[in-house]
Structure formats: structure tokens, C-alpha cells
Amino acid sequence: LQLVRDFCRRTGQPVPETVGQVMRCIYESLALKYRFALGQLTQATGKKFSALHVLGGGTKDGLLCRMTAAGIPVIAGPVEATALGNILIQLKALGQLESIAQGRELIARTEKVTRYEPQDHAGWKASYQTYETILRHADTVQSLRYRCPAGLYPTCADGDRVSSFWKTPRSLFWSDCFRRKGR
């Protein structure tokens with residue numbers, strides 16, 4: 001918790017005081033990062049996506065799904081997507097399904113899927129614009145790099161780099177901390 005607070009303080013962001021505020025900070029960051037990644041996919045492929053499909057255990061987190069749906073509808077589920085995909089392939093290989101499409105139809109009929117519609121467009125739009133501006137300016141992003149303190153993660157030692165610490169309007173996002181051993 002203190003790491004998040006210290007980072008927010010150093011980067012001029014509102015400092016979360018309670019555990020709930022820290023969690024909110026992290027959730028907002030994840031939702032904004034998902035939106036950013038979807039924008040990158042749109043740019044790379046030239047396709048406009050009508051919904052974001054979220055699969056696996058994260059689909060059980062309704063708050064994160066609602067936050068992620070700020071810019072586009074989110075279709076969450078099934079929870080056990082990996083196992084179901086494996087079963088579908090095995091059934092196809094055994095001749096129990098005529099096609100993968102038939103398996104997808106079966107999963108769609110039998111598994112729970114929840115749709116989250118976008119809400120609070122203005123608030124999320126403003127947060128995203130700030131987030132995107134920060135990510136698109138390399139000099140700003142470079143200034144936000146953070147050095148990992150000793151003991152933060154089992155694989156970190158003093159001086160190891162955190163690969164991505166990003167400042168956002170009320171949030172932060174980080175991915176992994178790893179030891180650089182000439183890799």
C-alpha cells in the first residue's frame with residue numbers, strides 16, 4: 001500500500017489513504033490500460049470493435065468489468081474459457097462435434113455470459129484523455145520510470161527495474177518487476 005501512496009505523492013497525484021482507495025486506484029488503472037490496449041489493436045488492424053470479450057477468472061469481478069466498459073460494451077464470460085476451449089477441441093477431434101462453430105454455439109447456450117454497457121461517459125473520457133496523453137509522450141513516460149526497492153518482490157533486488165509504472169489521472173498502472181541479468 002505504501003508503495004502506491006509514495007508513487008502517487010512523487011508524481012503529483014491524489015494520494016489514496018485507505019485500502020479501498022488504493023484498490024480503486026489500481027482498478028481504474030487496469031480499466032484505462034485495457035481501453036488503451038484496445039485502441040492500439042484498432043490502430044494496428046484498422047478494425048473497429050463493437051465489444052470487448054473478457055474471459056477467465058477476471059469475469060467474476062463485476063466492478064472491474066463495469067469500469068472497463070466505460071468506452072465499449074464488455075461481454076464477460078465464460079469463467080472457465082480455457083477448460084471449455086480444451087474440451088471443445090477434444091470433442092471435435094473425437095468426432096463428437098462437426099465444427100468449432102458448433103462447439104462455440106454449444107458454449108454460448110450453456111455458459112453464463114454477462115454484458116456490461118458503457119456508463120459515465122464524460123468522467124471516464126476525461127480520465128482516458130489524460131491517461132492517453134501521458135502514455136503517448138515518451139519523455140513524460142520515461143520520467144515516470146521507477147526503481148524497484150529491495151524486498152518488494154521475491155525476484156527483485158535493489159536497483160532492478162519495474163518494466164512499466166504509468167501515471168494516470170487518479171491511478172497508477174504497473175506490470176511486472178523483473179531482474180535484469182543481461183537479458
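The structure this text deals with has already been given above.
In this report, we go over the structure that sits alongside the text. Small disclaimer: the values here were computed from a predicted structure and weren't measured.

**Focus: the overall build of the chain**
- The number of helices and strands found in the chain is seven helices and five strands.
- Secondary structure elements of the chain occur, N-terminal to C-terminal, as α-α-β-α-β-α-α-β-α-α-β-β.
- The buried share of the chain, reckoned over its 183 residues, is 36%.
- Considering only intrachain contacts with a sequence separation of at least 6, the fraction spanning at least 24 residues in the chain is 51%.
- Of the roughly 11,200 Å² of accessible surface on the chain, a fraction of 54% belongs to carbon and sulfur atoms.

**Focus: the environment of I107**
- Among the structural elements, I107 can be located in helix α5 (residues 100-110).
- Spatially, the C-alpha atoms of I107 and A81 are 9.3 Å apart, while their sequence positions differ by 26 residues.

**Side note on the packing of helix α1 (residues 2-10) against helix α2 (residues 19-45)**
- It is the contact of α1 with α2, at a shortest axis distance of 10 Å, that shows an interaxial angle of 65 degrees. In terms of axis orientation, α1 runs roughly perpendicular to α2. The hand of the α1/α2 crossing is left-handed. Where α1 approaches α2, its residues V4, R5 and C8 are matched on the opposing element by V19, V22 and C25.
- Of the residues that constitute the contact of α1 with α2, the class distribution is five nonpolar, no polar and one charged.

**Let's talk about the pattern of salt bridges**
- Counted under the stated rule, the structure contains two salt bridges.
- One salt bridge in this structure joins E28 and R24, with 2.8 Å as the shortest N-O distance. With E28 and R24 both in helix α2, this residue pair falls four residues apart, about one helical turn.
- R24 sits in the partly exposed class, given a relative accessible area of 41%.

**Regarding a nonpolar patch on the surface**
- On the surface, a nonpolar cluster with roughly 270 Å² of combined accessible area is contributed by L1, V19 and M23.
- The topology assignment puts L1 in the segment before α1.

**Some thoughts on the nonpolar core**
- Counting ten residues, the largest nonpolar core consists of Y27, A31, L32, F36, L64, M67, A70, W124, Y128 and Y131.
- Sorting the residues of this core by element identifies α2, α3 (62-68) and α6 (121-136) as the ones contributing at least two each.
- Per-element tally for this core: the top contributor is α2, with four residues.
- Counting residues in each nonpolar core, the second largest holds nine residues, with V54, I72, V74 and A76 among its members.

**A few points about unusual backbone geometry**
- Note the cis peptide between G77 and P78, where omega equals 0 degrees.
- Tracing the backbone through its elements, the reader meets P78 in the loop between β2 (74-76) and α4 (81-93).

**Regarding the packing of aromatic side chains**
- Following the criterion strictly, the structure yields zero aromatic pairs and no others.
- Against the face of Y128 rests R35, its NZ or CZ located 4.4 Å from the ring centre.

**Quick notes on the environment of Y34**
- Tracing the sequence through the fold places Y34 in helix α2.
- On the accessibility criterion, Y34 (36% relative accessible area) is partly exposed.
- Through-space distance from the C-alpha of Y34 to that of T68 is 6.9 Å; in sequence the pair is 34 residues apart.
- Not counting residues within four places of it along the chain, the set of residues in contact with Y34 comprises L64 and T68.

Parameters at a glance
Throughout, a residue's number is its position along its own chain's written sequence, starting from 1. In view of the model being predicted, local features appear only for residues whose pLDDT reaches at least 70, and side-chain atom pairs are presented and counted only at 80 or more, with totals across whole chains, interfaces and linings using the full set of residues. Excluding hydrogens and water, the side-chain values take into account all heavy atoms of the structure. Only runs of H or I of at least four residues qualify as helices and only runs of E of at least two qualify as strands under DSSP, and these elements are numbered from the N terminus. With a 1.4 Å probe rolled over the protein chains alone, any residue whose accessible area is under 20% of its type maximum counts as buried; one over 50% counts as exposed, and the rest are partly exposed. Every residue pair with non-hydrogen atoms within 4.5 Å of one another is taken to be in contact. Each accessible area is a Shrake-Rupley estimate made with a 1.4 Å probe; only the visible protein chains count as cover when residues are assessed. Angles here are taken between N-to-C directions and fall from 0 to 180 degrees, while the axes themselves are lines fitted to C-alpha atoms, restricted in helices to the stretch in contact. In this scheme, roughly parallel covers angles under 35 degrees and roughly antiparallel covers those over 145, while 65 to 115 is roughly perpendicular and the rest are oblique. Crossing handedness is defined as follows: a turn of the near helix away from the far one that is anticlockwise and smaller than a right angle gives a left-handed crossing, while the clockwise case is right-handed. Think of it as three bins: nonpolar holds Ala, Val, Leu, Ile, Met, Phe, Trp, Tyr, Cys and Pro, charged holds Asp, Glu, Lys and Arg, and polar takes everything else, Gly as well. Between Lys or Arg on one side and Asp or Glu on the other, a salt bridge is scored when a side-chain nitrogen of the former is within 4 Å of a carboxyl oxygen of the latter. Without a salt bridge and with relative accessible area above 30%, a residue can belong to a patch; like charges are then joined within 9 Å and nonpolar side chains (Val, Leu, Ile, Met, Phe, Trp, Tyr) within 5 Å. We define the nonpolar core as a collection of buried residues of types Ala, Val, Leu, Ile, Met, Phe, Trp, Tyr and Cys that are connected through side-chain atoms lying within 4.5 Å of one another. Two aromatic rings, drawn from Phe, Tyr or Trp (for Trp, its six-membered ring), form a pair once their centres lie within 6.5 Å of each other, and the interplanar angle then sorts them: stacked below 30 degrees, edge-to-face above 60, tilted otherwise. We call a charge positioned over a ring when the NZ of a Lys or the CZ of an Arg lies within 6 Å of the ring centre and within 35 degrees of the ring normal.

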